[in-house]
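Commentary on secondary and tertiary structure
Single-letter residue listing:
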Amino acid sequence: MAPEKMTICIVLDANYPELVLDVGKVTLGEKNRKKMKDSQLRKKQNESLSKCVITLLNSGGGISKIEIENEDYSYEKDGIGLDLEHSLADMVPIVHKYFDFMKQGKYFLIFVKSWSSKIPGMKIATLSSNLYKRDITSVNVMNATVALEFLKDRVETRERFSLTSKSSSKRCREETEESSTKALASDFFNRTQLRYREKLTFTESTYVEIKDFSTQKLLQRIKEILPQYVSAFANTRGGYLFVGLSEKKQEVIGFKAEKSDLDKIEREIEKCISELPVYHFCMEKKKINYLCKFLEVYDEESLCGYVCMLKIEPFCCAVFAKKPDSWHVKDNQVKQLSVEEWVQLMMDPEPVPSEKVTYIPEILYKRLFSQHEGVAQLICKEMGSVHQGTLIFSKSWSLDLDLQENQSVICDALLISQDRPPVLYTFLRELNEELKGYSIQTALTLKKKLVKIGGYTGKVCVMTKIYCSEESSTLTEGSARLLHDSSLSATYPKSYTLITSQTMNDLKKALFIVLKSLGTLSDKFDSEIFQHLLSNQHGLLSEE
Ligand SMILES: [Zn+2]
């Protein structure tokens with residue numbers, strides 16, 4: 001398999017306090033996409049966008065930034081394009097719940113809400129599980145729900161096995177109906193040679209797959225289908241793959257090959273199967289058990305070809321055709337999840353937030369106000385237009401969120417109010433353009449934590465507002481300068497900025513969980529946090 005090279009860049013200096021992923025150039029609009037001559041390019045653009053959106057779903061949400069390839073594009077007149085729409089729709093249960101679209105000049109932005117599934121487990125979005133199953137005569141990839149069910153079932157089976165001794169008598173009785181084709185296939189597998197055009201005594205079933213590949217691309221075709229078939233048979237009940245039989249005519253055909261070709265095919269099959277990713281829930285951690293055999297086909301007395309036969313045993317745990325197609329941002333890079341990470345995220349129970357809290361209300365703001373008069377005045381002015389809300393001070397929100405502290409920061413304050421999206425205020429001792437990034441990073445992390453840890457499931461953005469002192473190291477009202485206000489530079493869809501009393505309460509609740517889980521300071525502020533974040537919210541705690 002060729003390594004997947006898709007250019008997705010994390011845009012760091014955007015005006016949005018968001019994770020912005022650069023998809024690259026994409027042709028937009030149904031007509032324009034249909035007209036595209038290069039179908040490979042069309043597919044690539046679609047894949048790039050899908051990967052980007054999945055990454056954002058799994059990384060706390062953000063923005064997919066598309067550079068519009070075609071000139072004179074109009075979102076209203078041209079739409080997005082059906083193939084892209086289908087890809088987006090396949091990722092989430094309800095499109096408008098997760099995505100908002102906006103054209104901005106030569107860019108097309110897709111606002112992606114963080115993934116939140118009501119289904120227990122399934123904490124990530126996945127393009128393809130790459131776990132296959134055998135459904136009677138066809139091989140199908142499991143969708144996320146089926147994959148989760150399958151994995152859970154495997155865990156239970158492991159537990160059952162470890163509790164009771166292996167009794168196979170019951171199993172045999174259950175399988176009597178289809179086991180006849182299995183027995184016939186097994187007899188066939190144990191033959192020593194075959195006759196050309198000999199009639200088959202069995203047909204395709206859960207246990208049997210027949211392929212009649214032309215010799216020219218034999219090896220290539222085997223390599224193409226093998227991962228899926230081995231995954232499917234191993235994950236279901238095991239089975240046989242026969243290459244060189246005609247399913248249509250129900251007879252032995254065979255393919256022409258030299259002895260050396262057969263060795264090569266066998267080596268390639270071994271390599272291919274050994275490279276399949278597996279996940280074990282068991283202690284034994286066995287390898288995929290299979291047998292590969294070639295049978296000579298004779299026409300009268302002369303050798304006229306071969307049949308390749310694979311017997312794949314049922315696997316104890318899970319076999320993937322390749323790593324699941326699911327990505328996230330890790331260490332500031334878009335990375336594909338490993339099989340281990342993916343299975344664990346799919347199966348993990350909800351995290352239990354810790355009891356400690358990092359929130360300093362009254363003591364901190366009183367001290368801050370007495371030391372920094374300017375901060376007090378600015379805050380009072382800012383809060384003048386807020387009807388209802390909670391302002392949570394911290395010496396450094398950044399530090400509270402496990403990010404790096406910056407000495408230029410006097411304090412941060414997070415406003416959660418009903419009439420606007422959350423605003424992160426930062427007050428700086430000095431005029432420093434670079435600290436814009438600090439604030440944006442903090443807001444981005446906060447948003448991510450609200451959804452990832454706090455369990456906030458709505459659309460949300462965290463605005464940033466930075467004040468700094470222009471002259472001296474003390475911030476006074478006179479020296480204060482508004483360095484940055486993201487509400488002026490970042491335009492969001494309406495659904496992101498509409499904060500009702502319900503969303504405000506949800507946000508507070510999420511923040512409470514985040515602070516609880518991050519706790520690094522003493523417990524003595526607990527009761528204050530309770531009051532501040534949870535006042536007038538009866539029954540909120542009892543929900544937990
Ligand atoms: Zn196992």
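1. Here we look at the coordination of the zinc ion
Taken together, His280 (ND1), Cys282 (SG), Cys316 (SG) and Cys317 (SG) make up the protein donors of the zinc ion, found 2.1 to 2.4 Å from the metal. Given 4 donor atoms and angles of 101 to 116° at the metal, the environment of the zinc ion is assigned as tetrahedral.

2. As for the nonpolar core
Ranked by internal contacts, the top residues of the largest apolar core, which has 46 residues, are Leu28, Leu57, Phe99, Leu131 and Trp342. Residue assignment for this core shows that the elements contributing at least two residues are strand 2 (20-26), helix 2 (39-57), strand 3 (62-68), helix 4 (82-91), strand 5 (107-112), helix 6 (144-163), strand 17 (327-330) and helix 11 (339-347). Among the elements that take part in this core, helix 2 stands out by supplying 6 residues, more than any other. Counting residues in each nonpolar core, the second largest holds 33 residues, with Leu241, Val243, Cys292 and Phe294 among its members.

3. Some details on empty space enclosed by the protein
By rolling a water-sized probe across the atoms, one finds the places where empty space is left. Counted under the stated rule, the structure contains 1 cavity of 30 Å³ or more. Counted as a void, the largest cavity has a volume near 40 Å³. Along the walls of the largest cavity sit Gly60, Val112, Lys113, Ser114, Lys447, Val451, Gly458, Lys459, Val460 and Tyr496, which together make up its complete lining. Partitioned by chemical class, the residues of the lining of the largest cavity number 4 nonpolar, 3 polar and 3 charged.

4. Brief notes about the sheet that holds strand 9 (residues 208-211)
Spatial strand order, 8-14-15-10-9: 5 strands in an open sheet with mixed pairing. At either end of the open sheet lies a strand with only one pairing partner, and these are strand 8 (193-195) and strand 9. Each adjacent strand pair in this sheet contributes to an overall mean axis angle of 25°, direction not counted. Bridge analysis of strand 14 (residues 290-299) against strand 15 (residues 302-312) gives 10 bridges, and the strand direction is antiparallel. The partner of Leu295 across the bridge, within strand 15, is Val307. Strands in contact with helix 9 (residues 218-235) are strand 9, strand 10 (239-243) and strand 15; relative to strand 10, the strand with the most contacts, it is inclined by about 170°. Contacts from helix 10 (residues 259-274) reach strand 14 and strand 15, with the element oriented near 155° to strand 14.

5. Describing the sheet that holds strand 20 (residues 409-417)
With mixed pairing, 5 strands are arranged side by side in an open sheet as 19-20-21-22-23. Looking at the sheet topology across the chains shown, the edges are occupied by strand 19 (389-394) and strand 23 (480-485). In this sheet, adjacent strand axes meet at a mean angle of 20° when their direction is disregarded. With respect to the sheet, helix 13 (residues 373-383) is in contact with strand 19, strand 20, strand 21 (423-428), strand 22 (463-469) and strand 23, its orientation differing from that of strand 21 by roughly 155°.

6. A closer look at the environment of Val339
Secondary-structure assignment places Val339 in helix 11. A C-alpha to C-alpha distance of 9.8 Å links Val339 and Asp325, two positions 14 residues apart in sequence. If we skip the residues at most four places from it in the chain, Val339 touches Pro277, Val278, Tyr279, Phe320, Lys323 and Pro324.

7. Details of unusual backbone geometry
Leaving glycine out, the prevailing phi sign among residues is negative, and the prevailing peptide bond configuration is trans. Non-glycine residue Asp72 carries a positive phi angle of around 55°. Mapped onto the secondary structure, Asp72 falls in the loop between strand 3 and helix 3 (75-78). Located in the positive-phi region is Ile136, a residue other than glycine, with phi close to 55°. In this structure, Ile136 sits in the loop between strand 6 (132-135) and strand 7 (138-141).

8. Some words on the pattern of salt bridges
Taken as a whole, this structure holds 16 salt bridges when the rule is applied. The partner of Asp100 in a salt bridge is Lys459, with the nearest N and O atoms 2.9 Å apart. Of the two residues, Asp100 is situated in strand 4 (residues 99-104) and Lys459 in the loop between helix 15 (435-452) and strand 22; the sequence distance between them amounts to 359 residues. Exposure class is identical for Asp100 and Lys459. Each is buried. We note a salt bridge from Glu209 to Lys211, for which the minimum N-O separation is 3.3 Å. In this pair, the class of Glu209 matches that of Lys211, namely buried. Salt bridges sharing partners connect three or more residues here, namely Arg33, Arg42 and Asp83.

Rules of the game
Residues numbered from 1 in each chain as written. Predicted model: local features only at pLDDT ≥ 70, side-chain atom pairs only at ≥ 80, totals over all residues. Heavy atoms only, no water. Donors = N, O, S within 2.8 Å, 3.2 Å for Na, K, Ca; no water. Tetrahedral: all angles 85-135°; square planar, octahedral: opposite > 155°, others 65-115°. Core = buried A, V, L, I, M, F, W, Y, C linked by side-chain atoms within 4.5 Å. Buried < 20%, exposed > 50% of the residue type's maximum accessible area, 1.4 Å probe, protein only. Helix = DSSP H or I, 4+ residues; strand = E, 2+ residues; numbered from the N terminus. 1 Å grid on protein atoms, 1.4 Å probe; cavity = no way out; pocket = protein on both sides within 12 Å on 5 of 7 lines; lining within 4 Å. Points joined across faces, edges and corners; volume = space filled by probe spheres on them. Nonpolar A, V, L, I, M, F, W, Y, C, P; charged D, E, K, R; others polar. Pairing = 2+ DSSP bridges. Axes fitted to C-alpha atoms, helices over the stretch in contact; angles between N-to-C directions. Contact = heavy atoms within 4.5 Å. Salt bridge = Lys/Arg side-chain N within 4 Å of Asp/Glu carboxyl O.

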